[in-house]
Structure formats: C-alpha cells, structure tokens
Amino acid sequence: MKRFLWLISLLALPGLAQVTDLSKSPLAGHVGQIRTITYHPNGEWLASGGYDNTVKLWDVKTGRVLNTFTGHAGTVFASKFSASGKLLVSSAHDHTVKIWDVQTGKLIRTITTTGFEEEFFEIVNDDRLIAINLPNTGRVKLVELLTGRVWHTFDPMPVSGFSSTCSSLDYDSKTNRLAVGYQNNTVGIWDTKNRKFLRLLNKKASGYWPVPALSFSEDGKKLAASHLNGIMIWDVVTGNKLTTLPHTDDNQTNTLHFEKNDQFLICEGAKRTLKTWNLSTNKVQSELVDNMPHGWFSVCPNQNQAAAYTGPYNTEITVWNTTSGKVLQRLRGLDEDISKTFSGDIDPTGNRMALGISAGKIGIWNSLTGDLSQLLEDKADDQFETRSTHFSPDGTLLATAALGTIRIWNLQTGKATPLPTGVGIINAVRFSKDGLHLISELDNRRFQILTLRSRSKFAPLFTTTYQSPDLAEIRAIGVGNNPGELVLATGDNTLRLWHTAENKATATVPVNRFISNITYTPNDRYVLIQGFDNLIEIRDAKTLKLIQTLNQVGFFTDANFKAPKTPDGLYEIYPYFRSVFLKKVAGQPVVAAPPKTAQPPTITWELPTRSDETVASNAYGVKACISGDGITGHQLYLNGEPVSLRGFKRLGCPLGIDQVVTLRIGPNELYLTATTAAGTVSSERRYITYQPPEPSPLTVQTAPQQKRLALVIGNARYQHAWSLANPVNDALALKAVLEECGFTVLYYADLDKKGMITAFQEFGLKLKAYNVGLVFYAGHGLSIRGMNYFLPTDANPQSEDEVEFEGIPTTRLIRKMEEANRLTNIILFDACRDNPFARTWGRALGESGGFALLPPPKGTLIAYAASDGEAAHDRAKTGTNSPFTKALVKYIRQGGLSLSQILQRVRTDVENETAERQTTQDVNMMRDDFYFR
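The structure displayed is predicted, hence computed values, not measured ones.

A few points about the overall build of the protein chain
Looking only at helices and strands, one finds eight helices and 69 strands in the protein chain. Out of the 933 residues in the protein chain, the part that is buried amounts to 57%. Partitioning the contacts of the protein chain with sequence separation of at least 6, the portion at a separation of at least 24 is 52%. On the protein chain, roughly 38,100 Å² of surface is accessible, and the fraction owed to carbon and sulfur atoms is 49%.

Considering the pattern of salt bridges
What the rule picks out here adds up to 21 salt bridges. A salt bridge links Asp-155 to Arg-139; the shortest N-O distance between them is 3.6 Å. Residue Asp-155 is located in the loop between β12 (150-154) and β13 (166-172), and its partner Arg-139 is located in strand β11 (residues 139-144); the two are separated by 16 residues in the primary sequence. The partly exposed category is assigned to Asp-155, whose relative accessible area is 46%. We note a salt bridge from Asp-922 to Arg-907, for which the minimum N-O separation is 3.0 Å. Taken as a pair, Asp-922 in strand β69 (residues 921-924) and Arg-907 in helix α8 (residues 899-913) lie far apart in primary sequence, 15 residues in all. Via salt bridges that share partners, Arg-513, Asp-533, Glu-537 and Arg-539 belong to a single interconnected network.

Re the sheet that holds strand β30 (residues 352-357)
Taken together, the four strands give an open sheet; going across it, the order is β29-β30-β31-β32, and neighbouring strands pair in antiparallel fashion. Each having just a single partner strand, β29 (345-346) and β32 (372-377) make up the two edges of the open sheet.

What about the pairing of strand β68 (residues 860-864)?
The buried count for β68 comes to five of five residues, which makes it a mostly enclosed element. With burial as the criterion, each face of β68 is covered, one bearing Thr-860, Ile-862 and Tyr-864 and the other bearing Leu-861 and Ala-863. As paired elements, strand β67 (residues 824-830) and β68 share five bridges and run parallel to each other. For Asn-825, the partnering residue across the bridge sits in β68 and is Thr-860.

Describing the packing of aromatic side chains
Tallying each qualifying case throughout the model produces 16 aromatic pairs. Seen in terms of ring centroids, Phe-561 and Tyr-574 are 5.8 Å apart; in terms of plane orientation they differ by 45 degrees. Their pairing is tilted. Pair noted here: Phe-561 is in the loop between β48 (546-550) and β49 (571-576) and Tyr-574 is in strand β49, with a separation of 13 residues, a long-range link. This pair shows no difference in class: Phe-561 is buried, exactly as Tyr-574 is.

Here we look at helix α7 (residues 883-894)
Under the 1.5 Å per step criterion, the end-to-end length of α7 is 17 Å for 12 residues, consistent within 8% with the ideal 16 Å. All buried positions along α7 are accounted for by Pro-883, Phe-884, Thr-885, Ala-887, Leu-888, Val-889, Tyr-891 and Ile-892. Contacts from the buried residues of α7 go to α2 (727-740), β63 (772-778), β67, β68 and α8.

Some thoughts on helix α5 (residues 810-819)
Note on helix geometry: an α-helix contains 3.6 residues per turn, so any two residues three or four positions apart are oriented the same way. If you check which residues of α5 are buried, you get Thr-810, Leu-813, Ile-814 and Met-817. The buried residues of α5 occupy an angular sector of 100 degrees when projected down its axis, which confines them to one face.

So, the side chain of Lys-98
On the secondary structure map, Lys-98 appears in strand β7 (residues 96-101). The buried charged residue Lys-98 lacks any salt bridge, with Asp-94 as its nearest oppositely charged partner at 5.3 Å. A distance of 3.0 Å separates polar atoms of two side chains, one belonging to Lys-98 and the other to Thr-110. Not counting residues within four places of it along the chain, the set of residues in contact with Lys-98 comprises Gly-71, His-72, Leu-88, Val-89, Ser-90, Leu-107, Arg-109 and Thr-110.

Side note on the packing of helix α3 (residues 753-767) against α5
Contact geometry for α3 and α5: axes closest at 8 Å, N-to-C directions at 15 degrees. The orientation of α3 with respect to α5, classified from their angle, is roughly parallel. Helix-helix and strand crossings are classified by hand; for α3 and α5 the assignment is right-handed. From α3, Ile-757, Phe-760, Gln-761, Phe-763, Gly-764 and Leu-767 reach across to α5, where they touch Arg-812, Leu-813, Lys-816 and Met-817. Residues that form the contact of α3 with α5 fall into these classes: six nonpolar, two polar and two charged.

Points about the environment of Pro-692
Among the secondary structure elements, Pro-692 is positioned in the loop between β60 (686-690) and β61 (708-714). The class for Pro-692 is partly exposed, based on a relative accessible area of 26%. Once the C-alpha coordinates of Pro-692 and Ala-616 are considered, the two residues, 76 residues apart in sequence, prove to be 4.9 Å apart. Residue contacts for Pro-692: discarding those within four places in its chain leaves Ala-616 and Ile-665.

Overview of the side chain of Ser-286
Tracing the chain through its elements places Ser-286 in strand β24 (residues 283-289). Using a relative accessible area of 16% as the deciding quantity, one classes Ser-286 as buried. With near-sequence residues (within four places) excluded, Ser-286 lies in contact with Leu-274, Lys-275, Thr-276 and Thr-322.

Details of the pairing of strand β31 (residues 361-366)
With five of its six residues buried, β31 lies for the most part within the structure. Bridge analysis of β30 against β31 gives six bridges, and the strand direction is antiparallel. Within the sheet, the bridge partner assigned to Gly-356 lies in β31 and is Ile-362. The sheet contact formed by β31 and β32 spans five bridges and is antiparallel. By the bridge assignment, Gly-363 is partnered in β32 with Leu-375.

Concerning the packing of α2 against α7
Any two packed helices are characterised by the angle at which their axes cross and by the distance between the axes. Following both chains from N to C, one finds α2 and α7 inclined at 10 degrees, their axes separated by 10 Å at the closest point. It follows from the interaxial angle that α2 and α7 lie roughly parallel. Touching Asp-730, Ala-733, Leu-734, Ala-736, Val-737 and Glu-740 of α2 are Thr-885, Leu-888, Val-889, Ile-892 and Arg-893, all from α7. Of the residues assigned to the contact of α2 with α7, the class counts are seven nonpolar, one polar and three charged.

Topic: the environment of Ile-231
With respect to the helices and strands, Ile-231 occurs in strand β19 (residues 230-235). Classification of Ile-231 by relative accessible area gives buried; the value is 0%. Ignoring anything within four residues of it in the chain, the contact list for Ile-231 reads Ala-225, Thr-243, Thr-244, Leu-245, Pro-246, His-247, Thr-253, Leu-256, Leu-265 and Cys-267.

As for the confidence of the model for the protein chain
Averaged over the protein chain, the pLDDT score is 80; the fraction of residues at 70 or greater is 81%. Of the regions scoring below 50 in pLDDT, residues 1-19 engages in 41 contacts with residues more than four places distant in sequence or in other chains. Contacts for the low-pLDDT stretch residues 842-848, under 50 throughout, to residues beyond four places or in other chains number 13 contacts.

Thoughts on unusual backbone geometry
Backbone geometry follows two general trends: most residues other than glycine have a negative phi, and most peptide bonds adopt the trans configuration. Here Leu-607 and Pro-608 are connected by a cis peptide whose omega angle stands at 0 degrees. Unlike most non-glycine residues, Asn-512 shows phi in positive territory, near 55 degrees. Examined against the element boundaries, Asn-512 turns out to sit in the loop between β44 (504-510) and β45 (515-520). At Asp-524, a position not held by glycine, the phi torsion is positive, near 60 degrees. With respect to the helices and strands, the residue Asp-524 is situated in the loop between β45 and β46 (526-531). Note on Asp-524: relative accessible area 17%, which makes it buried.

Section: the sheet that holds strand β66 (residues 808-809)
One open sheet accounts for three strands, arranged β64-β65-β66; its pairing is antiparallel. The open sheet terminates on both sides in strands that have one partner only, identified here as β64 (781-784) and β66. Examined bridge by bridge, β64 and strand β65 (residues 787-790) share four bridges and lie antiparallel to one another. What sits directly across from Leu-782, in β65, is Tyr-789.

Cut-offs used in this document
- Residues numbered from 1 in each chain as written.
- Predicted model: local features only at pLDDT ≥ 70, side-chain atom pairs only at ≥ 80, totals over all residues.
- Heavy atoms only, no water.
- Helix = DSSP H or I, 4+ residues; strand = E, 2+ residues; numbered from the N terminus.
- Buried < 20%, exposed > 50% of the residue type's maximum accessible area, 1.4 Å probe, protein only.
- Contact = heavy atoms within 4.5 Å.
- Areas by Shrake-Rupley, 256 points an atom, 1.4 Å probe, with all protein chains shown as cover.
- Salt bridge = Lys/Arg side-chain N within 4 Å of Asp/Glu carboxyl O.
- Pairing = 2+ DSSP bridges.
- Phe/Tyr/Trp six-rings, centres within 6.5 Å; stacked < 30°, edge-to-face > 60°.
- Expected span 1.5 Å × (residues − 1).
- Arc of directions from axis to C-beta.
- Lys, Arg positive; Asp, Glu negative; His and termini not counted.
- Polar contact = N/O pair within 3.5 Å; in protein donor to acceptor, adjacent residues only side chain to side chain.
- Axes fitted to C-alpha atoms, helices over the stretch in contact; angles between N-to-C directions.
- Parallel < 35°, antiparallel > 145°, perpendicular 65-115°, else oblique.
- Left-handed = near helix turned anticlockwise from the far one by under 90°.
- Nonpolar A, V, L, I, M, F, W, Y, C, P; charged D, E, K, R; others polar.
- pLDDT = per-residue confidence, 0-100.

So this is what it looks like as structure tokens:
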C-alpha cells in the first residue's frame, strides 16, 4: 500500500493537481521502473528507458516529455547520444540495439544482438560505428550504424584464471580509443580506427571483480576506472597508474566523469553519495548525499548537473546541482507494477484511462489533466496483478481480469462484482458493444463469452466456452459491433479472425510479435493491433490484411505528439501504453463499409417470445422465420452446440424453423444463424432457464428420515508401488462432510489386503440396519480385462495375470451392498490413478490405468473420478485434495442439490481444474433421487 500512497502524494503536489499540459504529468513519464538515463550533448535534454519498453526524450528545464520512442519489445536498459547529438542509440532485453533520429523520432536501424544478459555499447569513430559488448564471450563487435554491417570484432583478452567477460565500456573520440572493463579487474585499451589492441591496465590484478565504471579524461590522455581497491587513474599512453582514490561508499563506484578541463572527477557510489574530487589536491571538493534511493547517475558535461532515476521504485528521475545539492527537477512516471499490465483502456469519451496495478488495484487517470482520479481496490484479491481492463460502452462500468476472476466495477460506487472463472491468469477481457456480453481469454486454447443477466445484476446468465486444438494461448481479444466475429491474438504470434457460430478461424495471419491489445474502429472497417513494442498496425477487419504500420507515433501525452488518422480519414488515433483511443475527425461523417449487392437475411423469433424466460419442462419448442434472397445455409445453436433441425417454407415465411430441443438444468442459450451471398448473420440470443419442479416428498428421503452408513477408505502409502499424495486427505475430507450430513462413517487408511477384506465384511454386516449405504475409495485401482480391482497397500503383482490374486475385485464390495438389500447405494471411486506397475510389466502406461465403466445393480449409483480407462489427477491446482474430491466436498456441503445435480457440477469443476484432461463419469440405477442435506 505504501507505493500507492507515494503515487497519490506525487499527484497531490502543489501545481500538479490541475495539470493542463499532459507532457508534464506522471502519465507522460515511464510506466514502471527506469533502467537507464543519459544526457544529450546540449545539456538541455535527457533520454531514459525502462520496463515499459520505451525510450523517452525529456526537456530537463521544463520537465516535459518531448517524444516517446516505441519499438522495443523488452526492457530498455542502456541508451546513449552520439557526440553530434543527432542520433540516439538504445539497447533492450529483446536483444536489439536501435538507432533513432533525435529530431524526427524515426527509427533508422535495428541491430540484432546475441546472448541473454544485458549488452552495453559506445558510439565510436565519428558516429559511424557502434561498439557492442557480446555477453559471456568477452568480445566487442564494431557495427556500422547506417548499414548494420559488422566492421570488426575485438577478441577477448587472453587472461588465465578468471573470466574476461566485459563489464563496462568508454570511448574517447579525440584518440579513437575504446576502454573495455573486464570481470577480472583489468581494463583493455583498443584503437578502434586501426583495429588494434594497445595495452592492458592493472595486469597484476587477481580475483574476481567486474570493473563497473570507466571514464576518459577530456584530453583523452587519462582513464579513471573503478577497481577492487579503489578508483585508479591511469596514463593511457604509458599504462602507468597515476593515483588511487578511495571508493565513494561500500567499496564500489558506479559512475565516473571528468569535469572542467580534467581538474575534477565526479564519482557516484552505491549508497546515494556523489563526490567531486579535486585532482590537483586529491581531496573531496564537494559531496552530495541524497535522501532518496536512486539508480545510476548521468552527469551533464560542465554544467554542475547530474541526474539519476530515483523514488521508492525507481519510477522518476531527479536532477541535482552537483555543487549545492539543490534539486532542480523531478521527472515523474507511474507505478512499477503497471508495466505488467497486458493492456489498458481509454473510455469512450477519451477522458479517462484505466491501467491495472498489482495487488488487486486499478488506477483510473483523468487523461485531460493527468490526475489520478480513482483508485479501485478489491482486498479479496491482493496478490495478483490486473492484466486487462476495459470500459463498458457507456463508460459507467469497468471490466478487469486477474488470476481466475473477472470483476465488473461500478465506477460510481467503486464496488466490484466478481465473476469467478475457475481458471488461471486471464490475459484479456472485453465488453461487447451492447454492454451485455463479456468476452474473455481462458488458459489452454480457450475463450468464453459471458452473457450478463442485466445491467444491474452481473452474475452470468450463460457462459459459452470455445476451444480449438489449433489455438495457442490467447493473449488479446478484439470485438466489434458483431460479438459473433472476433479477432484473437495467440501465443504463437498469430492473428485469427474467429467466427463463434462455426467455432473456427476464417482468416489467419502471422504477426511475429507479442500482441497485447486489439481495437476495432467504430465502423468495423479496421482493427488496430498493438504489441508489447507499443507499435500499432492497421489491418482490414474482414481479412486481417496489413494496411499500414504506424512507426514512431509516440504517445498522445508527448509534447510533440501529432495524431495520425485511419486510412479512411474518419478517426484520429491517440495511442498510449498498450491502449488506444479513436476520436472522430470533426466534420467527417461516419459511414459504414461499402454495401454489398446482396442483402443480409433477417431472422425473426416466434418462440421464445421473450429474451429471458423460465420453464418447468426440458422439452422446448423453438419457432422462427428466416427471410431473405438466396438463403444458402441456416443453423440453430443450443448452448453453443449445433442442433439438427428441419426448415420448410410456409405462407409468409421463406424458411420456417419448428424444432423441439432438450434443455439442460439451469440457463440455456439459443440463437440462429443464416447465410446469403451478403454473409452470415446471427439472431438475437434467447435464454431459457429450465427449472424442474421440486421432488415430491414421497420420493425424497431427508436426513432425519434415513439411517446412513458410509465406508471411507484412503490408501496412500504403498509398499511396492509409488505412494500417492492425497488419498488420505481425500478420505478425511469425505468423512467430515458425510458426518455433517448424518452418516455413520467407518473410516480406514492405508489398508493391506487383509484389512480391506475385514472392512468390507464389517460394512456389509452393519449395512443391513441402515437405509442408505455409501462407499468412498481413494487410492490405486486397475481395470484388467473389463474387471475393476482395488489395490491394497501390500499388493505386488508381477503381471496383469496376478492382479486378480493381489487385488480385490470391486464386485466383491458391490455384492455386499446388494446382499443388504438397501434401496439406495452410492459408490464413489476416486481410484483412477495411473497404473503403478506399468514399467514392471513392460506395457504402455494407459493400457491398464483407470477403472472401466461397469453397469451397477438396481438401486445403485457408481461415480468415477475419470472416464472409462482414463487416469485421474491426484492433486488439484490448489489445496491438498484431488480435483474430484475437492469438488465433491464443495457441492455436498452447499446443500439443496440432488446427487445427480452434484455430480453434474463436479464434472464441470474437474474439467475446468484439469483443462479438460479429465472428465468424470457416473452410472445411475437409483430408483429415486438422493439429497445429502
């Protein structure tokens, strides 16, 4: 919470609360931590880079952001101006070095680097070459700035005993000498013009010490280097050491800079201290101790000025007078964790901006003044960052996505309604244009459309989940005026135009970059594609064909920003960090895409007559009329699945639909599609809730009327097979909830064969005095030749043939329950784990794993944790129970549900928990339904 108090305090500073120049507001600064700063040769500008993958050019005097350079797809950690000040070079974790034109902001060239650590560089030879460190090799390559061609490579120093990997670089333009600091406490001097090695400084060094800072004197004859034992000043020509100064603090100096005709040396250490040494006396001339933690300094040449990235989380830049210590300027940005947001959003008016912050918080900024106007916080979710935000079409609501939960915020009250999804991190969420649907990404190649009950009640009326083996992880979703047509950006760096009615892509194009945001233009003519590199592509919304790439537009918060327009000239584009706002150009009419010669079909509902109704029967008659010229196809969908139907002509209706469908318990979604030469249209959705009548008191026994007996066994510690993590936990969880429901429970754990047989016999004898019998078994179980077997903890079959002797047939227990002649018998098998003896038998793992689906006797229900022959998961994503047991306990304890309803919901939870790799099954031969409570 401290970081947010700090952020709010910044926005409340005098003179900042009513910022009218956005280029001076924190919105214009970096989103997240700053990793590099460097002064322009004119001393008036600063360049910075950071976690938001951008480089920003600041006017130090006014505090304005002049330009934002976009194009990097990783954290920017190094930046330098050329000696002429015309070029700016930046390096990032996307393994690229980019060269920019400072005046125009255009990208001149991208150089691809290698390695996985931070590269650093120097601009050499009259701004013609760039010297780039190659990580973990000790090599430095010289690359031509304008062509990207490698001009020369300096090999590593042949020093034995320690790594000669580079740790710092500095260049002197007067002598064309390049100094390379190595991790073995030495410094190499190279002639970049003649491509020669000149000498090695500190030859007698021993031990590991990366040289973190180097600085040539203004005349190029001396070099200051941060060594293990202090700051050493060397004669570059002779290689002799001239003097040694003590480190600034903590035996480390991170920044060195000669000043005023080499009379002074400015040194910065690891603890907020900046010292200026008088080199004629070797005494400290002045000392600056800052009260805020900071990153590395950049010193402004001959202007008594230095800057460092500062603040509690290095999200601002502080500029000092190095003599007086006076703070000259603070250049602020936004919280570090906002950089983790996949996509932000700007409301339909363009006046508010929403960005996700970690720990369940969302910030909403006034994009006209730069103020933080609202901080939304859900204390129930204070561990995971918000990955996606999206305003409703009327701007009154905000949808956000984090770990496993979508939230809809009422922006007037600041309160949230959570919509749990039961899945992992959600990267994308979007409102439909009518505000009644939410489209969200799920893990494992899925996305879903949630239909909201109403504008005031946000519990989903119906959820349709779409999955395809062709989809990779979905990172961004775009939705226009037709929610049945979406643009998906997937983890394989591909865009797909997805039609939900057919559940397939009609267009697929590679984009070769990480996409974070997709925005349709209001007329659905174009889609704007944004990536982690903050660049925008404009594509045709019907074909995804690339029309235009907006290079170096910057952000609308920049002082020099000029809004580009869409290709049709109707909208201005205002980009920001992973978000974009489209503004209609004044005086331009908004027109739809050119009409087609054929007219789209019309679909009219006759039954259902209302958009939302509740019925007591699961058989429902659907009637509709489809009209239009040249109808080539039509389809009815129930709960997202196509229904076989018949269509016929009748008076006044070219194509009539009259079909009886079977509803499932709870909400059901119906819609029709029809196709002509003009394309495919979808009907308005209809929602039918099937609510069966309450069971008759004569057919349902309640707990007080019943005597209930349960046998609960959990086998985990096996003597000759691998042990299982959760069966005992599962058995204890079932025991507890069954006792709450009035069961007498016989509980056993880790039984050998003799113990299991004894337990079965005891259960069979006692069951005769009870109305209801229930068995729960968790542990190893096998199906051999159509017969299911429990595996006791001492089982040790050497082949399939020995299982019938080492195991116990499940039919043995079922016969005991039959002999008791009870009306209600329930058997729950969480015993479908993998075959623990597969390797010993030399068989494929799945051939003997899991239980087979066998018909139960009358009056009995058997539920299996996994499908026929399928292996079940032993551990859920969270907690100490299997997915099956976890869901079973949850819904038994909920109460008011029949056993069949419980098992239906358990199946859904298990499929969601295991990404549909496990599906429960049950076979029900019970005469009446059963309620636990």
